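Results of the structural survey
Letter by letter, the chains look like this.
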Amino acid sequence: MTTVLEQVNRQAVTDLAASPASIEGAAEVPALLVEHLTKRFLVGRKRKPVIAVNDVSLRIRRGEIYGILGANGSGKSTLIRLFSTLLTLDSGRVEVFGHDVQREEMTVKRVINRVSVDAAFFKKLSPHENLSYAARLYGMDARPAKAEAIRILARLGIGESRLGRPLEQMSRGMQQKVAIARALLTSPTLLLLDEPTTGLDPRSKLDVQTFIEEMRDTHDATIVLTTWPRTPPTVSRP
Amino acid sequence: MSLMAREMKASFAFVERNFNLTKRYWGWEFAWLIYSIAGALAISLIGRSEGSERLLLVLVVGAIFWNFLSLVFEFIAETVQWERWEGTLEYTFMAPVRRYAQLMGSAIYAIGYGLVHTAVVLTVLALFFQLDLSHANFATAGAFILLGSLSFMGIGIAAAILPLMYVERGGQMVFVIQSVLLLVSGVYYPISVLPGWMQAVSHFSPATYVLDGVRAGLIEGTPVTALFGDV
């Protein structure tokens, strides 16, 4: 079984291999190293095996923004979950900055963060309360974390006055910006973005894209981004 | 930062988060408190209708302290289930936090929340029935509440794993465990009225010993030293 994702990754590996820092020749520890990764799920009453990720290999260098393209159901989110230590590998190997995701799970968790397509929050809590929770989970002090959250959210176009209201009162796009701010708050060196701009308007998408590039440049972050191949919208009048 | 300090800070994240959720759901918290008071009063009034002060006290203690133990159990056992409903389970599991720190934070908040909740219900019932607690041994009651909390934390932590192992049925299993504990632990009646096999099961429930101990302390003023068997 060959997935669209697998094909895309093969292309990505080929591109990398052609670059000066080839897979064999690289002396530096890659930000993300994936070798022959496979993941199956047992689905339904008959527990029929379904291959979600099939023999994927890739190598991402520090500081890269790496895109993974694939249609819905092609295994992009599964791949991100495998990198995030949320799923166990069936076979293969994944290393984040040289740390094995299974043997050194806690070390890996400290250097990664993820934004998923659905903004996973306690919707009754405010952005401030959700971000304070996130900061404590990552061992940060609440006060400096709050100041940093205000700065990041302001950069993404959300003012301080909105931080006290429940998230359920915010639009989908605003919630997604708060999710991005939450991920950036912990200064991850590997940021996993699973369709992060879904639901955002064009201007917000641009805000996020610019901020991600800024993050890469100022925080030495490596970014893995999943998305789907887009086609131009059909319009009856330009 | 040392591992212990990091895990303590992580545990506090769950305490603070649960406190914030309680604040945000204050309307439901108030409604639940009214329901708990009404339930405890309704059951205890059976004792008043029978004209038995002792039965009244037995039912009051059963209603109040089962309320406490079940709150602690529910809070801990539903930790995972709750996050699944909210959609935050993956985020929490991806964070660099050990599961014991998460469960410890949930347990600390559960006990604090349960104590406040129970204190309000106890105060209302004491005023309503003009309970005479002048002979009560509060140290005995306190010791058994502490022991009961620890025991129910253990059962709750074990039950919290069920929704992880059985995604569809785990929550339902937790509910069944709580129901069985209510039935066999002698909450409103002595376990001697249960069929023999149920009495055997009741010996495995920590609530059986907690309720016996609290009743002995509050109703008869028995010191904890006389109840080492139950401890």
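Everything below is about the structure shown above.
Residues numbered from 1 in each chain as written. Chains lettered and ligands numbered in written order. Predicted model: local features only at pLDDT ≥ 70, side-chain atom pairs only at ≥ 80, totals over all residues. Heavy atoms only, no water.

1. Some points on the overall build of chain A
Of regular secondary structure, chain A possesses seven helices and eight strands. Expressed as a percentage of the 238 residues in chain A, the buried residues total 50%. Counted over contacts in chain A with a minimum sequence separation of 6, partners at least 24 positions apart contribute 73%. (Helix = DSSP H or I, 4+ residues; strand = E, 2+ residues; numbered from the N terminus. Buried < 20%, exposed > 50% of the residue type's maximum accessible area, 1.4 Å probe, protein only. Contact = heavy atoms within 4.5 Å.)

2. Section: the sheet that holds strand E5 (residues 99–100) of chain A
Residues and elements named next belong to chain A. Across the sheet, four strands lie side by side as E2-E1-E4-E5; this open sheet has antiparallel pairing. Bordering the open sheet on either side are strand E2 (48–60) and E5, each of which pairs with just one other strand. Inspection of the sheet shows strand E1 (residues 32–43) paired to E2 by nine bridges, in the antiparallel sense. Bridged to leucine 33 within E2 is arginine 59. Against the sheet, helix H2 (residues 76–83) contacts E1, E2 and strand E4 (91–96), and its axis sits at roughly 115 degrees relative to E1. (Pairing = 2+ DSSP bridges. Axes fitted to C-alpha atoms, helices over the stretch in contact; angles between N-to-C directions.)

3. Re the sheet that holds strand E7 (residues 190–194) of chain A
What holds strands together in a sheet is hydrogen bonding between their backbones, with the strands either parallel or antiparallel. Residues and elements named next belong to chain A. The four strands lie next to each other as E3-E8-E7-E6, forming an open sheet whose pairing is parallel. In this open sheet, the two edge strands, each paired with only one partner strand, are strand E3 (65–69) and strand E6 (112–115). Strand-to-strand twist across the sheet, computed as the mean angle between neighbouring axes with direction ignored, equals 15 degrees. Alignment of E7 against strand E8 (residues 222–227), held across five bridges, turns out to be parallel. Across the sheet, residue leucine 193 finds its bridge partner in E8, namely leucine 225.

4. What to know about the nonpolar core
Counting residues in hydrophobic clusters, the biggest one holds 51 residues, and the most contacted among them are Phe65, Leu125, Phe152 and Val214 of chain B. If you list the elements that add at least two residues to this core, you get helix H2 (26–49), helix H3 (53–77), helix H6 (99–129), helix H7 (138–160), helix H9 (170–184) and helix H11 (206–220) of chain B. Tallying contributions element by element places H3 of chain B first for this core, with 17 residues. Those residues in contact with phenylalanine 65 of chain B, other than ones at most four positions away along the chain, are Ile145, Leu211, Val214 and Leu218 of chain B. One finds Val115, Ile180, Leu184 and Leu191 of chain A within the second-largest nonpolar core, a separate group that totals 31 residues. (Core = buried A, V, L, I, M, F, W, Y, C linked by side-chain atoms within 4.5 Å.)

5. Observations regarding the packing of H3 of chain B against H7 of chain B
All names here are of chain B. One way to put it is that H3 packs onto H7 with a least axis distance of 8 Å and a crossing angle of 35 degrees. Relative to H7, the crossing made by H3 is right-handed. For the pair formed by H3 and H7, the contact residues are Phe65, Trp66, Phe68, Leu69, Val72, Phe73, Ile76 and Ala77 on the first element and Ile145, Gly148, Ser149, Phe152, Met153, Ile155, Gly156, Ile157, Ala159 and Ala160 on the second. Across the contact of H3 with H7, the residue classes tally to 15 nonpolar, three polar and no charged. (Left-handed = near helix turned anticlockwise from the far one by under 90°. Nonpolar A, V, L, I, M, F, W, Y, C, P; charged D, E, K, R; others polar.)

6. Some thoughts on the pairing of E7 of chain A
All names here are of chain A. The element E7 is extensively covered by neighbouring structure, given that five of its five residues are classed as buried. Residue alternation in E7 divides its side chains into two sets, Leu190, Leu192 and Asp194 and Leu191 and Leu193, and both sets are buried. Bridge analysis of E6 against E7 gives four bridges, and the strand direction is parallel. Within the sheet, the bridge partner assigned to asparagine 113 lies in E7 and is leucine 191.

7. Observations concerning the interface of chain B and chain A
Facing 28 residues of chain B, the contacting portion of chain A comprises 28 residues. The contact between chain B and chain A buries some 2,900 Å² in all, and 60% of this surface belongs to carbon and sulfur atoms. Per-residue buried area on chain B facing chain A is highest for Arg24, Tyr91 and Met94 of chain B; these three make up 29% of the total on that side. Linking chain B to chain A there are five salt bridges. A salt bridge links lysine 9 of chain B to aspartate 141 of chain A, with the nearest nitrogen and oxygen atoms 2.5 Å apart. On inspection of chain B and its partner chain A, the count reaches ten residue pairs in polar contact (both at pLDDT 80 or more). Counting residues per element, the ones that place at least two in the side of chain B that touches chain A are helix H1 (3–24), helix H4 (79–86) and helix H5 (89–94) of chain B. Among the elements that make up the side of chain B that touches chain A, the one with the highest residue count is H1 of chain B (twelve residues). Taken together, the residues of the side of chain B that touches chain A sort by class into 13 nonpolar, four polar and eleven charged. (Buried area = accessible area lost by both parts, 1.4 Å probe. Salt bridge = Lys/Arg side-chain N within 4 Å of Asp/Glu carboxyl O. Polar contact = N/O pair within 3.5 Å; in protein donor to acceptor, adjacent residues only side chain to side chain.)

8. Things to note about a nonpolar patch on the surface
Residues and elements named next belong to chain B. Together, Ile161, Leu164, Met165 and Tyr166 give the surface a local cluster of nonpolar side chains, amounting to about 370 Å² of exposed area. Mapped onto the fold, methionine 165 is located in helix H8 (residues 162–165). Take methionine 165: its relative accessible area is 53%, and that puts it in the exposed class. (Patch = residues over 30% accessible without salt bridge, like charges linked within 9 Å, V, L, I, M, F, W, Y side chains within 5 Å. Areas by Shrake-Rupley, 256 points an atom, 1.4 Å probe, with all protein chains shown as cover.)

9. Things to note about the environment of glutamate 148 of chain A
Summarising the element assignment, glutamate 148 of chain A is placed in helix H5 (residues 142–155). Given the relative accessible area of 24%, glutamate 148 of chain A is considered partly exposed.

10. Looking at H3 of chain B
For H3 of chain B, built from 25 residues, the straight-helix expectation of 36 Å at 1.5 Å per residue is met to within 8% by its first-to-last C-alpha distance of 35 Å. Buried residues dominate H3 of chain B, accounting for 21 of its 25 residues. (Expected span 1.5 Å × (residues − 1).)

11. Concerning H5 of chain A
Given 3.6 residues per helical turn, the α-helix brings residues three or four places apart onto the same face. Residues and elements named next belong to chain A. Helix length check: H5, at 14 residues, gives a terminal C-alpha distance of 20 Å against a target of 20 Å (1.5 Å per residue), a fit within 8%. Taken together, the buried positions of H5 are Ala145, Ala149, Ile152 and Leu153. End-on view of H5: buried residues confined to an arc of 95 degrees, all on one side of the axis. In H5, the exposed residues that point more than 90 degrees away from the buried face are Arg143 and Pro144. On its buried face, H5 is in contact with helix H4 (127–137), helix H6 (172–185) and helix H7 (202–219). Phi turns positive one or two residues past the end of H5, at glycine 157, with a value near 90 degrees. (Arc of directions from axis to C-beta.)

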